[in-house]
Amino acid sequence: MVEVNEKRLVDRFVQMVKIDSPSSHEREMADYLRKELEALGFDVEEDDSGRDLLQKLGDIRGAETVRFAGNLIARKKGTGLQTDTILFAAHMDTVVSNKGVTVKNENGVIKTDGRTILGADDKAGIAAMLEAAQLANEQQLPHGDLEYVFTIAEESGLNGARLLDKKKLRAKYGFVMDSGGPPHVVIGSSPAEIDFCIKIYGQAAHAGVNPEDGINALAAAGLGLSNIQMGRIDGETTVNVGVIKGGDKTNIVCDYVGLWGEVRSRNQDKLAWQLAKIQTAFAMACEKFGARFEMEEQPIYSGFNLTEEDEVVQIAFEGVRKAGMSPVLAARGGGSDTNIFNAEGIPSVNLGVGASNDHTPEESVTVTDLVQATRLVLGIMEAVAERAGAGAKA
Ligand SMILES: [Zn+2]
């Protein structure tokens, strides 16, 4: 197995964690990565996704002060093998700022002092990719052409990957280093998500003087809500109404309620069925009270379903084994850039980088998992090289 430079790996990880990079504030991180990648022999291109995103969000006023960045696409020629190009990806942003982070390493567990998130999601993935590229150089390991993609604004809704011009990519397969699980877990499926907004219009009236003239939108919303099923519907489907807003004063019959929710499923038919059930429940509730109702649906991302029959999963499995672990194929309930790459026709899996409790101040990652994630990246490069006939390298 390849000897990983543990100290360099951890140092680089900690250095990146200390670069504050919440979504749409990835400039400093992108600058750091460009320098590192160029030193490792990559050609680095930055796209306009950062500007596009800020414009889309109507936030271009602050664009100059925000110091936004675009996605980075870094390419490195292979060692002369006839193989398909493969893509490794990770996101540069963190879910929130970790400004002033204090990093501790307690017996091989890296975490913060509990005041901020760590940002191992996804800097653990980036650290593994960089260390793997450096080891491949130093130890002259055979590999095919590589595309390293570092996206912006993943945490704010996969925005960077969404805006990435996929025509720029040549990869046949993608390996996204961004799953919270341990590095032997290969995420081969993830649900599609559709968000919805329900608007219920009632009729305002004085609650004490003429309540009979009013139509209470809250009552209709309550009845509708009580008639839908929420939470885990089955093994591949979830429903949640997460936000409700309405009403103004206790002495006014409530004339408007808005509800926002989401449905996720790895099965497209079930997803459509749940949305239809929600629509029916609220339509019937509104009819009962004489309220008017609108429902809007917004597809967030499509799902993917890969199995052990798929070559990308087989390559990932070989990579896991080469890193000395036993692969497990799993499903995940959340979306990631992996959903976008799959939707664009690049079969991709999401791989564990070992970050646990991500999105919380208790977030941590072990040095062992950082090392194993690095070996996994190298293992995948090696598996691809072997398939091209480069021969095994122990
Ligand atoms: Zn992530």
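From a predicted model like this one, the values you see are computed outputs, not experimental measurements.

(A) The pairing of strand β3 (residues 86-91), seen in detail. Among the 6 residues in β3, 6 count as buried, and that is most of the element. Side chains Ile86, Phe88 and Ala90 of β3 all project onto a buried face; the interleaved residues Leu87, Ala89 and His91 project onto the opposite face, where all are buried too. As paired elements, β3 and strand β6 (residues 146-151) share 6 bridges and run parallel to each other. What sits directly across from Ala89, in β6, is Val149.

(B) Geometry of the coordination of the zinc ion. Every protein donor of the zinc ion is accounted for by His91 (NE2), Asp121 (OD) and Asp178 (OD), and the metal-donor separations fall at 1.9 to 2.1 Å. Mapped onto the polypeptide sequence, the residues donating to the zinc ion form the spacing pattern H-x29-D-x56-D. Remark: Asp178 occurs in strand β7 (residues 173-179) and His91 occurs in strand β3; sequence separation between them is 87 residues. Like His91, the residue Asp178 is buried in the burial classification.

(C) Expanded view of the side chain of Asn98. Structurally, Asn98 can be placed in the loop between β3 and β4 (103-106). We classify Asn98 as buried; its relative accessible area is 2%. Polar contacts involving the side chain of Asn98 include one to the main-chain carbonyl oxygen of Val17, which spans 3.0 Å.

(D) View of the environment of Asp11. With respect to the helices, strands and loops of the structure, Asp11 is situated in helix α1 (residues 6-17). With relative accessibility at 38%, the residue Asp11 sits in the partly exposed group. A sequence separation of 129 residues divides Asp11 from Gln140, and the C-alpha atoms of the two residues are 23 Å apart.

(E) Spotlight on the UniProt feature "binding site: Zn(2+) 2" (unreviewed entry) in the protein. Look at the UniProt record and you will see "binding site: Zn(2+) 2" (unreviewed entry) annotated at Asp121 and Glu155. These annotated residues cover 35 residues of sequence, but their C-alpha atoms sit close together, with the largest distance between any two at 9.6 Å. Among the annotated residues just listed, those that line the largest pocket are Asp121 and Glu155. Along the polypeptide, Asp121 turns up in helix α5 (residues 120-138). Those residues in contact with Asp121, other than ones at most four positions away along the chain, are His91, Asp93, Thr94, Glu155, Asp178, Ala355, Asp358, His359 and Glu363. Relative to the helices and strands, Glu155 resides in the loop between β6 and α6 (159-163).

(F) Seen up close, the pattern of salt bridges. Applying the stated criterion across every chain yields a total of 28 salt bridges. Between Arg292 and Glu294 there is a salt bridge, with the nearest N and O atoms lying 3.4 Å from each other. The class for Arg292 is partly exposed, based on a relative accessible area of 47%. On the accessibility criterion, Glu294 (30% relative accessible area) is partly exposed. Each of Arg8, Arg12, Glu36, Glu131 and Glu138 takes part in a single network of salt bridges with overlapping partners.

(G) How the structure looks around helix α9 (residues 311-322). Helix length check: α9 (12 residues) gives 16 Å between terminal C-alpha atoms against 16 Å at 1.5 Å per residue, within 8%. Of all the residues in α9, the buried ones are Val312, Val313, Ile315, Ala316, Phe317, Gly319 and Val320. On its buried face, α9 is in contact with β7, β8 (185-190), β15 (328-331), β16 (348-352) and α11 (367-387). Downstream of α9 by a residue or two, Gly324 has a phi angle that is positive, lying close to 80°.

(H) Fine view of the UniProt feature "domain: Peptidase M20 dimerisation" (unreviewed entry) in the protein. The UniProt entry lists residues 198-283 under the feature "domain: Peptidase M20 dimerisation" (unreviewed entry), expressed in the numbering used here. For the annotated span residues 198-283, helix accounts for 30% and strand for 33% of the residues, and the straight-line distance between the end C-alpha atoms is 10 Å.

(I) View of the layout of surface pockets. In this structure, the largest pocket occupies an estimated 380 Å³ of space. As for the largest pocket, its lining consists of 24 residues, and the residues nearest its centre are Glu154, Glu155, Gly157, Leu158 and Gly335. Element by element, the count of residues in the lining of the largest pocket is highest for strand β13 (residues 292-301), at 4 residues. Both domain 1 (6-190 + 303-392) and domain 2 (192-301) contribute no fewer than three residues apiece to the lining of the largest pocket. Lining the second largest pocket we find Asp195, Phe196, Cys197, Val243, Trp260, Gly261, Glu262, Glu296, Glu297, Gln298 and Ile300.

So, how was this worked out
Residues numbered from 1 in each chain as written. Predicted model: local features only at pLDDT ≥ 70, side-chain atom pairs only at ≥ 80, totals over all residues. Heavy atoms only, no water. Buried < 20%, exposed > 50% of the residue type's maximum accessible area, 1.4 Å probe, protein only. Helix = DSSP H or I, 4+ residues; strand = E, 2+ residues; numbered from the N terminus. Pairing = 2+ DSSP bridges. Donors = N, O, S within 2.8 Å, 3.2 Å for Na, K, Ca; no water. Polar contact = N/O pair within 3.5 Å; in protein donor to acceptor, adjacent residues only side chain to side chain. UniProt positions renumbered as here; feature names shortened; annotations may be inferred. 1 Å grid on protein atoms, 1.4 Å probe; cavity = no way out; pocket = protein on both sides within 12 Å on 5 of 7 lines; lining within 4 Å. Contact = heavy atoms within 4.5 Å. Salt bridge = Lys/Arg side-chain N within 4 Å of Asp/Glu carboxyl O. Expected span 1.5 Å × (residues − 1). Points joined across faces, edges and corners; volume = space filled by probe spheres on them. Domains from an automatic or database assignment.

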